[in-house]
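Read off the chains here:
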Amino acid sequence: MTTAVGAEKRRAPASSTIVLLGLAGVAWLATIMWIVGLDMSLEAGTMGLSIGEFVVMWTLMMAAMMLPAISPLVSMYARSVRGSASALSAFGAGYLLVWASTGIVAYLLTWLFGELATESNETAQTVAVAAFVVAGVYQLTPMKSWCLRHCRSPISHLLHYAAYRGRTRHLRAGAHHGLVCVGCCWGIMLALLTVGLMNIPAMIVLALLIALEKQWRYGEILAKVAGVAALVYAAAVSFNADLAPGLIDKGGMDQMEMDDPMG
């Protein structure tokens, strides 16, 4: 009997990880199909999307990029709630709800980037450099380290969530972890907005960076290396504006349209 119970507990986390990775795969597929279908991978600004469409797209992207990175925590959480499907679903919903809400901020920031980029290529270049400087500096701050340590230590989360009570405790636990993840990754997402929100290669690279930061034994060192790399990239953008296609292409295109209305 003891062996059977132990086997059931082992299967629950394994099943939750498989489901999580499956959902991430579906989100990746849906995101890529949407991007390819609309041919908007390197456009700046809001790409003509309404705020509702943008938030849906953003949530799909966050599910694709973030779900694999939180699989260790979800696996341990599944063990703590004995694999309850309703509990895990509520936890996932709370987590994605937080990331979906950041889509509103991302929409406003992307709109602002687009407006600034239309001023001139020089303005777009300055915005791009500033964005990478902010992202790089944040990677080196104590706040980033604090959030990353919490993401890398699921046990501390479980002890905290064990004190939650009420019907919405799993939803609130997922939302809390979502907030910690936002605190950990917002600088990386700022960099993504700069190189092109729907830039698939950049999405893949940054998703891998996020996963390694949270799961690799040298993740904390990697986070600092990524911060220095972002600062170096900012310097490179100051010399070569083409390295920030998410802003520069839009500025250049609009400038051409202003110079040649018939075009």
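Since this is a predicted model, take the numbers as computed values, not measurements.

**Some points on the overall build of the protein chain**
Reasoning step 1: Looking only at helices and strands, one finds 11 helices and 0 strands in the protein chain.
Reasoning step 2: Counting from the amino terminus, helix and strand elements in the protein chain follow one another as α-α-α-α-α-α-α-α-α-α-α.
Reasoning step 3: Looking at the 263 residues of the protein chain, the share that counts as buried comes to 47%.
Reasoning step 4: Long-range pairs, those at least 24 residues apart, make up 81% of the contacts in the protein chain between residues at least 6 apart in sequence.
Reasoning step 5: If you sum the accessible surface of the protein chain, you get close to 13000 Å²; carbon and sulfur atoms cover 69% of it.

**Examining the layout of surface pockets**
Reasoning step 1: Counted as a void, the largest pocket has a volume near 440 Å³.
Reasoning step 2: Taken together, 25 residues make up the lining of the largest pocket; nearest its centre are Val19, Leu20, Leu23, Leu88 and Gly92.
Reasoning step 3: Among the secondary structure elements, those contributing two or more residues to the lining of the largest pocket are α1 (2–38), α2 (51–66) and α4 (85–117).
Reasoning step 4: A total of 9 residues in the lining of the largest pocket trace back to one element, the largest contributor, which is α1.
Reasoning step 5: Size it by volume and the second largest pocket reaches roughly 370 Å³.
Reasoning step 6: The wall of the second largest pocket is formed by 17 residues, among which Phe132, Ala191, Leu206, Leu209 and Ala230 lie closest to the centre.

**What about the environment of Thr168?**
Reasoning step 1: Tracing the backbone shows Thr168 in the loop between α7 (154–161) and α8 (169–195).
Reasoning step 2: Taking the C-alpha atoms as reference, Thr168 lies 9.3 Å from Ala87; in sequence the two are 81 residues apart.

**As for the packing of aromatic side chains**
Reasoning step 1: One pass over the structure, following the stated rule, counts 9 aromatic pairs.
Reasoning step 2: Considering the side-chain rings of Tyr77 and Tyr161, the 6.3 Å spacing of their centres and the 75° angle between planes classify their relative orientation as edge-to-face. Of this pair, Tyr77 sits in helix α3 (residues 71–80) while Tyr161 is found in helix α7, placing the two residues 84 residues apart along the sequence. When sorted by exposure, Tyr77 lands in the same class as Tyr161, which is buried.
Reasoning step 3: Between Phe132 and Tyr233, the ring centres sit 4.7 Å apart and the planes meet at 50°, which makes this aromatic pair tilted. Of this pair, Phe132 sits in helix α5 (residues 121–139) while Tyr233 sits in helix α10 (residues 219–239), and the two are 101 residues apart along the sequence.
Reasoning step 4: A relative accessible area of 6% means that Phe132 is categorised as buried.
Reasoning step 5: Pairwise contacts between aromatic rings join Tyr77, Phe91, Tyr161 and Tyr164 into one cluster.
Reasoning step 6: Over the aromatic face of Tyr164 sits the side chain of Arg172, whose NZ or CZ is 5.2 Å from the ring centroid.

**Details of the side chain of Glu213**
Reasoning step 1: Along the chain, Glu213 falls in helix α9 (residues 200–215).
Reasoning step 2: Not counting residues up to four positions away in its chain, the partners in contact with Glu213 are Gln139, Lys144, Leu148, Arg152, Cys184, Ile188, Gly219, Glu220, Leu222, Ala223 and Ala226.

**Some remarks on the nonpolar core**
Reasoning step 1: Core analysis: the largest hydrophobic core is formed by 77 residues, its most contacted members being Trp58, Met65, Met66, Trp99, Met189 and Leu192.
Reasoning step 2: With 13 residues, the single largest contributor to this core is α8.
Reasoning step 3: The residues touching Met66, leaving out its near neighbours within four places in the chain, are Tyr95, Trp99, Cys181, Cys185, Met189, Ile210 and Lys214.

**Some words on the packing of α7 against α8**
Reasoning step 1: α8 packs onto α7 with a crossing angle of 140° between their chain directions and a minimal axis gap of 11 Å. Our classification of the angle between α7 and α8 gives oblique. Here α7 and α8 pass one another in a crossing that is right-handed. On the side of α7, the interface is formed by His157, His160 and Tyr161, while α8 contributes Ala173, His176, His177 and Val180.
Reasoning step 2: Among the residues making up the contact of α7 with α8, the classes are represented as 3 nonpolar, 4 polar and no charged.

**Digging into empty space enclosed by the protein**
Reasoning step 1: Counting across every chain of the model gives 2 cavities of 30 Å³ or more.
Reasoning step 2: Taken as a whole, the second largest cavity holds about 30 Å³ of empty space.
Reasoning step 3: At the level of secondary structure, the elements contributing two or more residues to the lining of the second largest cavity comprise α6 (142–152) and α10.
Reasoning step 4: Classifying every residue of the lining of the second largest cavity by side-chain character gives 2 nonpolar, 2 polar and 3 charged.

What counts and how
- Residues numbered from 1 in each chain as written.
- Predicted model: local features only at pLDDT ≥ 70, side-chain atom pairs only at ≥ 80, totals over all residues.
- Heavy atoms only, no water.
- Helix = DSSP H or I, 4+ residues; strand = E, 2+ residues; numbered from the N terminus.
- Buried < 20%, exposed > 50% of the residue type's maximum accessible area, 1.4 Å probe, protein only.
- Contact = heavy atoms within 4.5 Å.
- Areas by Shrake-Rupley, 256 points an atom, 1.4 Å probe, with all protein chains shown as cover.
- 1 Å grid on protein atoms, 1.4 Å probe; cavity = no way out; pocket = protein on both sides within 12 Å on 5 of 7 lines; lining within 4 Å.
- Points joined across faces, edges and corners; volume = space filled by probe spheres on them.
- Phe/Tyr/Trp six-rings, centres within 6.5 Å; stacked < 30°, edge-to-face > 60°.
- Lys NZ or Arg CZ within 6 Å of the ring centre and 35° of its normal.
- Core = buried A, V, L, I, M, F, W, Y, C linked by side-chain atoms within 4.5 Å.
- Axes fitted to C-alpha atoms, helices over the stretch in contact; angles between N-to-C directions.
- Parallel < 35°, antiparallel > 145°, perpendicular 65-115°, else oblique.
- Left-handed = near helix turned anticlockwise from the far one by under 90°.
- Nonpolar A, V, L, I, M, F, W, Y, C, P; charged D, E, K, R; others polar.

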